[in-house]
Amino acid sequence: MPSSSSAMMMMDKDRPQPGGTMATPSNSDEDSSDDMNNRPYKGAKQIDDGSVHDSASSNFSSANDSNQQSASSVHRPPAADLGEQELAAAKLSKQVFRFKVMVWIVLLLAAVAVAVSIFVSTRRDEESTYEAVFVDHTSKIMETFTRNMERKLGVLDFLSVSATMESGRPNRSWPDFEFPNFEFRAANALELTDGAMIAIVPIVNDRESWEAFAVESTTGDDSWIVDAKLFQASFRRMEETVMCDREKSAPAGRPLSAGCREDADDREGSGAAIVDEAASEQRGLQATEPVTFSDSGVPTKIYKLDDSSSSIRKRRIVDPSVHTPFLPIWQHYPLAQSLINYNLNSDAAFRNECSAILENPKSSVLGRIWYLQDDDETESIFFDAVSKRSNKEAAELASTPFSKVFYPIFDSNQNLVAILTSIIDWSTYFRDVLPPHSDGIQVVLKNECGNVHTFQINGESAISLGKSDLHDSDYNNMAQTRTLKSLLDSPDTTNYIHFDDSYCPYTITVYPSDTFKGQFITNNAIYYMLAVIGVFAFTLLIFTLYDWYVERRQQLIMKRAIQSRAIVSSLFPAAIQERLFRSGASTASNRNDQDKATGMFQWMRGNKSSASSSNHHRTSNHSNHNNTTTKKMKLTDVLLNTETMDVVMDGTTPIHELKPIADLFPHTTVLFADIAGFTRWSSKRKPEHVFTLLQTVYHAFDRIAKRRGVFKVETIGDCYVAVTGLPDPQPDHAVRMVKFANECRTKMTDLVVKLKIGLGDDTTQLAMRFGLHSGPVTAGVLRGERSRFQLFGNTVNIAARMENTGLSNKIHATQEVSDLVAAAGNVHWVEQRVVDVADRGGFQTYFIEPNNGDGVSKQEEERPSKSQSHSHDESSYAKESKSSNADFRVRSKPRPSISSSSTKQRERRHINRETRRVQLDDKEKHLVEWNLDLFKKMLQQILAHRQACQAEGVKAGHNLAAVLLDGANIRSEVSSVIAFPPYNKEESRAKVQPNSIKLDEIVEKQLRDFISFVASMHRDNSFHNFTRSSNVCVAVNKHIQRIVDDGLVEQLNEPLSKFAILFAALTHGIGHPGVPNEQLVKEDSRIATLYQNKSVSQQNAIDLAFSALMDTDYAELQSAIFTDESEVHRFRKIVVNCIIATDLYDRELVVDRNKRWLYAFLEQGSPYSGEDKQNLLATVVMEAVVQASHYGHALQYFLSYKLWNERYFREMYNAFKCQRLEEDPSADWHAKELLFLDEIIIPLARKLKESKVLGTAGDDALTYALTNRKEWAAKGNGISAEFVERFKGTNKKKH
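Quick notes on the rules
Residues numbered from 1 in each chain as written. Predicted model: local features only at pLDDT ≥ 70, side-chain atom pairs only at ≥ 80, totals over all residues. Heavy atoms only, no water. Helix = DSSP H or I, 4+ residues; strand = E, 2+ residues; numbered from the N terminus. Buried < 20%, exposed > 50% of the residue type's maximum accessible area, 1.4 Å probe, protein only. Contact = heavy atoms within 4.5 Å. Areas by Shrake-Rupley, 256 points an atom, 1.4 Å probe, with all protein chains shown as cover. Axes fitted to C-alpha atoms, helices over the stretch in contact; angles between N-to-C directions. Parallel < 35°, antiparallel > 145°, perpendicular 65-115°, else oblique. Left-handed = near helix turned anticlockwise from the far one by under 90°. Nonpolar A, V, L, I, M, F, W, Y, C, P; charged D, E, K, R; others polar. Phe/Tyr/Trp six-rings, centres within 6.5 Å; stacked < 30°, edge-to-face > 60°. Pairing = 2+ DSSP bridges. Disulfide = S-S within 2.5 Å. Salt bridge = Lys/Arg side-chain N within 4 Å of Asp/Glu carboxyl O.

Colleague: Help me understand the overall build of the protein chain, please; the structure alone is not making it clear to me.
Modeller: Check the secondary structure of the protein chain and you find 43 helices and 21 strands. Out of the 1295 residues belonging to the protein chain, those deemed buried represent 48%. Long-range pairs, those at least 24 residues apart, make up 74% of the contacts in the protein chain between residues at least 6 apart in sequence. On the protein chain, roughly 63900 Å² of surface is accessible, and the fraction owed to carbon and sulfur atoms is 51%.

Quick look at the structure:
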C-alpha cells in the first residue's frame, strides 16, 4: 500500500506550474535558501515565481516533520524531501505486504490445524462409538447365548429327570423299558430347544435278551412305534397347514410353495405316506446276515455300519466281543425305524462321548462339533432323521455344525441304566441376539478336541461361515473370549446344567469385522475437514477482497489529502500553515471539550436525577416534574429495605401524583396477640414499669419472628400484630404462624416469672391471648408525615375478633387456619370450639395446640428468617440461580393448603400426640410391614455402600430441611438431566455385604413410624389409596430389576437413587383428593391456586412427603439416609421428577418428556453427549419406569386391568354423586377408557418395547396393552354397565 509521502511526491512532480511548465527542483540547499531570504513575502502576489512556490512547499513539509526542525530553520529542497518520503513509503509498503503474507500463512495454518483436529476428533468419536457398541453387542451375545443354553438344555435335563422318575416306578426295569408318551414329550422338547433329534439309548449287556425284547415291543398295532408314526404324521400335517396358512396370508403376488398348491385331500393323504415311509426305507436297505428286518421295518439285531462301505444302506451285525456294553438306539424322534438297534458305541463320532458319560455318569456330556457329512462327502446315518426336522437344503444341512448332548438316566438305585441323547444345531443359539441392522459380528466356537466353527451374526440371523477360524486377524486385539463353563457358572445365571468339565471344554470368542466397523467408521470426518477448509478458504477470500477494497479507498483518501495539502501549500506560507492547522486542531479540541463538558453536565444532572429517581423509587414511587411517566414501586423492595420506610416522602412531589405502594397477598395468616389482664395490671404501675414489660415481651417476640420468618406489622398498645405469607409467599404460612404463637406463649410464661421481682408478683398472672385467621390481605405503605406499613381487609378484622373472643393462654383460630394445619399433617393439633363472632354469626372455630416437641429447636434458633436471607444474600442467590441447581427449591417444612379430613376419617386416622403413630386397619398394617421390609433392605444397602466408601451420615440434630431454599412452584424443579453418581454393585458388596448391616433400633422405629404416617396421609379413595401406592412401589422395584442396560443398572441401582425412586412411588398418592387435577382447577381450590393450576395433586404429594420426612422427629432416620446436603438435593430431584412424571395429562410436561426421550435414544444429532447423555438416559428411563408402574394395571392381564378399572370408576362415580364432577362418568366410560389406552398406555408400552431397556418385559407390556385394548373395545360397554349396577347395589346396602 503506498504511503502518503510517496503519493505526495508523485503529485508534486506532476503538478503544472503557473508558467505552463513543469516545476524544476533546485539543485542545492543554498539556492533555495537565498531565494527565501532575498525575496520579500507577498503572499499570492508573488506566486508567479516558481521558487517561491517550491520554498513554501518545502516549508510545509518541514513544519510537519516530527521534531526534525522548527518552522524558522533552514528548509531542505523539495527533491530531497520527496526522496525520503518515497523511501519511507516503500518501506511501509513492504511492511504491510509482509504483514499480509503473515496473516495469510496464519490463516492457512489455522485452517489446517482446525481441519486436522476436527478430523481426528470425529474419527476418534466414531472409533469410540464403534468399540463401545461392539462391547455392548458382545455382552448381549454372551447373555443371549447363556440364556439359550440354560433354557434349551434345561429342557433336555428335565426330560432325562422325567425318564429317571419313570424308571423308578413299580414294574419298570431297564433295558426292557418303554418311555410312555415319548414321542409327545420329545416333540415338545425339540420345539423348545430347536433341536434336531432326541433318542433314548439303553445300556445293554445281554444282547440276545434285548434283541428279543426290541422285536416284540415293535411288533403289533399297539406297539409304541405305531403310535410314534401316527403322532409324527399328524404333527407333520399340522406343521404343513400352519406353513401354508402363513404363505397364503403373505402379500399378494408371492408364489405358493408346491406343497401349498396341492389340494387339502392331497395333504390328508400325505399322512398315510408318512406312516408307510418306513417300508420304503426298509426296501432301500441292503441287509447283511444275520441283520434282518421285522414286519414293522425294525432291524432285529444290534448293528453298526459297515466300515468298508461308504453307503449307509449296507449294515452288518456287531461283533459281540467289541465295543461293549452295547448302546442301541431305542425310542427316538423324529422316527427313523432303521436307526433302532444302531449301536452308538460302535460309531466313531459317538464313541468318545459314550465313554465319557459311562466313566462319569453324574455329569452330562457336551460332545464335539459334528457334521452330517464328512469331508469325503459320506453322509451320516442320522442324515434322514435330522432332515425331517430341518427346513434347510441338503447342502446347507451337510455343513451345519451340530453337537451331541448326553444326559444320564438312572434307576431307583441311582445306577446308570440309559442315556438321553440329543443332536443340537449350534446356529440356533446365536439367533435373535442383536437388533436389526447390527451386522458383521463374528463368533468363533472352539473346543479343546480340535473342532472350530465360525458364525457371522447379522441382526437377528446367524450365518455359518465354515469349519475353521475364519475371522479377520486384524481384529485380534478386540477379541472377547469366554469359556462355556464361566458363562454357565456365572452368579447371574441359574445353572441347571452340569457338564463334564474334563471333556472337550468350549470357548466362545467374538470379533468385529469390516462390515460391522463400516457401520460406524464413515467418511463424515473427511467431509467435516473439507467443510472447515472451505470455510477458511472463503474467509481468506473475503479478507483479501476486503483488504483490496480498503487499500483502494485509502489511496483515494490519500490522493484527496495530498491535493488539499498542495492547495494549502500553494496559498499559505509555512508559518501561516502551521497556525492554520493549530487553529483547526484547537477548534476541534474546543468543540470536543465543549461536547464532553455538555455531556458531563448532562450525565451529572442525569445521574443526580437518576439517583433521586432511584431513591424515590425505593421510597415513594414519585414522578419526575418534567415527565409524567412514573414507575410503580414494588412493595417487597420497600418491606425488605428498612431505610425506605423513613423516606417515602420527598417533600417536593404532590401527594396526588405519587402512585400507591400496595399489593394484594392472597395467601397469608394474620395474628393478633393481646396480653390478657394488662389493663388492670397497668393501671397500678408506673409508666416505666409498663414500658419495661412491653419492650421486654415484644423484643423477645421480635427475635422469634425474625428467626421464624414472621413479618411484624405493628404494636397497638399491648396488642402485637404479625403476618406470614408476605412480602414473600410462604406455602406453610399457617403452620409457621401457629408455631410462632406457640413459642411466644411459652416465652411469655418464662418472662413474667423473671419480671415478677421488679414488676410485682401479680405479673405472673399475665398471659397471652392469640387470634389467627388465614386469607387474602391488602398491604401497603400509607404515606404521610410518618409513613407506616398497614394491612387492610376482612382477614385482619376476623383475626382481631378471634383474639377478642379467645381465651387466655390459648391460640384461637378459624376454620381456614385449621384446614391448613390439618392438611400439613397436624390434625392432632386441632380442637373444635364454637363461638359467636359479630357480623358472622355462630360458626366453627378451633383451638390450636401444637405438640411439645414442635417447639423451638436449636437449629431453628440459628436459622435466619426469610427476610434476612433475602436482603443479606440477594447477590449470592443471584449467582446460585445460574448454577445447575438454580431451579431447585425445597420447603423446609412445606404445608400445602388442602381441605381438612372428615370427622369419620379423623377418627379412623387418630394420631396419638405422644408418639405420633397412627391407628391403621389390619390391611394397612400388613402393607406397612411389607414396605418396612423393603425400605429396611434399601437402608442396609445405603449404609453398606457408605461404609465401603468410608463416608459418614449427617449428624442427628442437623436440620437438613433448613439448608434448602423455599420455593413456590415444585413443578419448576423438574430436572431435564439428573446426575447419577457412579456405582459398582459388585465392587461395593465385595467390601461390605448389606446383609451384615444391622439397623439401629431407633432408625428402624422411625422408619416404621414414617411409613405408618405415610399410610395415614392416604385418603380412603377407591383407587388412589395406600394399597395402590404400595403396588406401584412393588412394580417400580421389579421394573428396575428387569433393566438390561449395564449403565442404567448401575445408575438406577445406586442405593440412595433407588431409595428415592421407591420413596416417590410410595408417597405419590399422599393426600389425593379423589378427583382429577382438572376438577381441582375448575373448583378453584386452594391447592390448585397454590400450585398455579399445574400438576396439583402431584405437587401436593411432594410437599406432604417432604414435610413428613424432614421433620425433626426423624433426625436419626435422616442421618441413616443422607451423608450431606448434596445428597438431600439429589434425593429431592429424583423424587420430584418421579412424582411429576405420573402426570401424563399435562401437555407441556408430555412434550418435554418426549423431547428428552428422543435425545436420550438418538444416535446422532442429540445435544447431549458422553456422561450427560448417559445421565439423560437414566433420567428418562427412571420416569418411564415410574409411569409404567403407575399405570401398571393396564399393562397386565385383562382381569387385573378390569379390577383396577372398576376401582377407578367407583372413585369417579362417587365424586359425581358428591357433586364434585359435572358429568356422569358412566355415560362415556367405555369411550374414555379407549382414549386412555390409545393416547397414554399404548404409546408408553411402545416406548418401552422399542427402547429395549426392560428386555422382554417391554414386549410383554405392549402385548398386554394391545390385548386389553382389544378386550375393552369388545366388552367395555357391558362391563361399564356392570360397574354401575354393582355401585348402585353397594350404595343400597349401605343405606
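Colleague: Which parts of the structure should I look at to understand the packing of helix α38 (residues 1125-1140) against helix α40 (residues 1170-1190)?
Modeller: Packed helices, taken two at a time, are described by their axes: the angle between them and the distance between them. Across the interface, α38 lies against α40 with an axial gap of 8 Å and an inter-helix angle of 50°. Considering their axes alone, α38 and α40 lie oblique with respect to each other. The element α38 and its partner α40 pack so that their crossing is right-handed. Facing α38, whose interface residues are I1134, N1137 and C1138, α40 presents T1179, M1182, E1183 and V1186. Here the residues of the contact of α38 with α40 are counted per class, giving four nonpolar, two polar and one charged.

Colleague: Would you mind showing me how to read the packing of aromatic side chains here?
Modeller: Any two aromatic rings considered together are summarised by their centre-to-centre distance and by the angle between their planes. Applying the stated criterion across every chain yields a total of 50 aromatic pairs. Each ring, one from F1209 and one from W1229, has its centre 5.1 Å from the other, and the planes form 80°; the classification is edge-to-face. Here F1209, found in helix α41 (residues 1198-1217), pairs with W1229, found in helix α42 (residues 1229-1251); they are 20 residues apart in sequence, far enough to count as distant. By way of ring pairs, the aromatic residues F935, F1010, F1059, F1063, F1106, Y1114, F1122 and F1131 are connected into one cluster.

Colleague: Explain the pairing of strand β6 (residues 365-370) here, please?
Modeller: Each regular strand shows side chains that alternate between the opposite faces of the sheet. Of all six residues making up β6, five are buried, and the element is well covered by its neighbours. Looking at chain direction, β6 and strand β7 (residues 402-410) are connected through four bridges and run antiparallel. When the bridges of β7 are listed, L366 appears paired with V405.

Colleague: Looking at this structure, I do not really get the packing of helix α31 (residues 1026-1042) against α40. What am I missing?
Modeller: Two elements in contact, α31 and α40, have axes whose closest approach is 8 Å; the angle formed by their N-to-C orientations is 135°. Put simply, α31 runs oblique to α40. When the axes of α31 and α40 are compared, the crossing they make is right-handed. Listed contacts from α40 to R1028, V1032, A1035, V1036, H1039 and I1040 of α31 are V1185, V1186, A1188, S1189 and H1190. Its residues assigned to classes, the contact of α31 with α40 comprises seven nonpolar, three polar and one charged.

Colleague: Got a minute to help me understand the sheet that holds β7 in this structure?
Modeller: Each strand in a sheet pairs with another by means of backbone hydrogen bonds, the pair being arranged parallel or else antiparallel. Here we have five strands laid out as an open sheet, ordered β5-β1-β8-β7-β6, and antiparallel in their pairing. Each end of this open sheet is capped by a strand with a single partner; those strands are β5 (332-333) and β6. Direction of pairing for β7 relative to strand β8 (residues 416-425): antiparallel, over a ladder of nine bridges. Bridging across to β8, K404 finds its partner in I423. Each of β6, β7 and β8 touches helix α11 (residues 348-359); the most contacted strand, β6, lies at about 165° to it.

Colleague: Would you mind going over the state of the cysteines with me for this structure?
Modeller: If you walk through the whole model with that rule in mind, you get one disulfide. Each sulfur of the disulfide joining C449 and C504 lies 1.4 Å from the other. Disulfide C449-C504: the torsion about the S-S bond is -90°, which places it as left-handed. With C449 in the loop between β9 (439-447) and β10 (452-458) and C504 in the loop between α14 (484-488) and β13 (506-511), this residue pair connects regions lying 55 residues apart in the sequence. Residue class for C504 comes out buried when judged on its relative accessible area of 4%.

Colleague: Quick question: what am I supposed to make of helix α23 (residues 815-823) here?
Modeller: Structural remark: α-helix, 3.6 residues per turn; residues separated by three or four positions point the same way. The element α23 is extensively covered by neighbouring structure, given that seven of its nine residues are classed as buried. Along α23, the positions that sit buried rather than exposed are V817, S818, D819, L820, V821, A822 and A823. Once α23 finishes, G825 follows within two positions and takes phi at roughly 90°, a positive value.

Colleague: Is there a simple way to think about the pattern of salt bridges in this case?
Modeller: Any two side chains of opposite charge can pair if their charged atoms end up close together. Within this structure, the stated rule accounts for 38 salt bridges. A salt bridge links D762 to R685, with the nearest nitrogen and oxygen atoms 2.2 Å apart. Linking D762 in the loop between α21 (733-759) and β17 (767-782) with R685 in the loop between α19 (678-682) and α20 (687-708), this pair joins segments that are 77 residues apart in sequence. Residue classification places D762 among the partly exposed positions, given a relative accessible area of 25%. For E1148, the salt bridge goes to R971, with nearest N and O atoms at 3.6 Å. Of this pair, E1148 sits in helix α39 (residues 1147-1161) while R971 sits in the loop between α28 (922-948) and α29 (985-991), and the two are 177 residues apart along the sequence.

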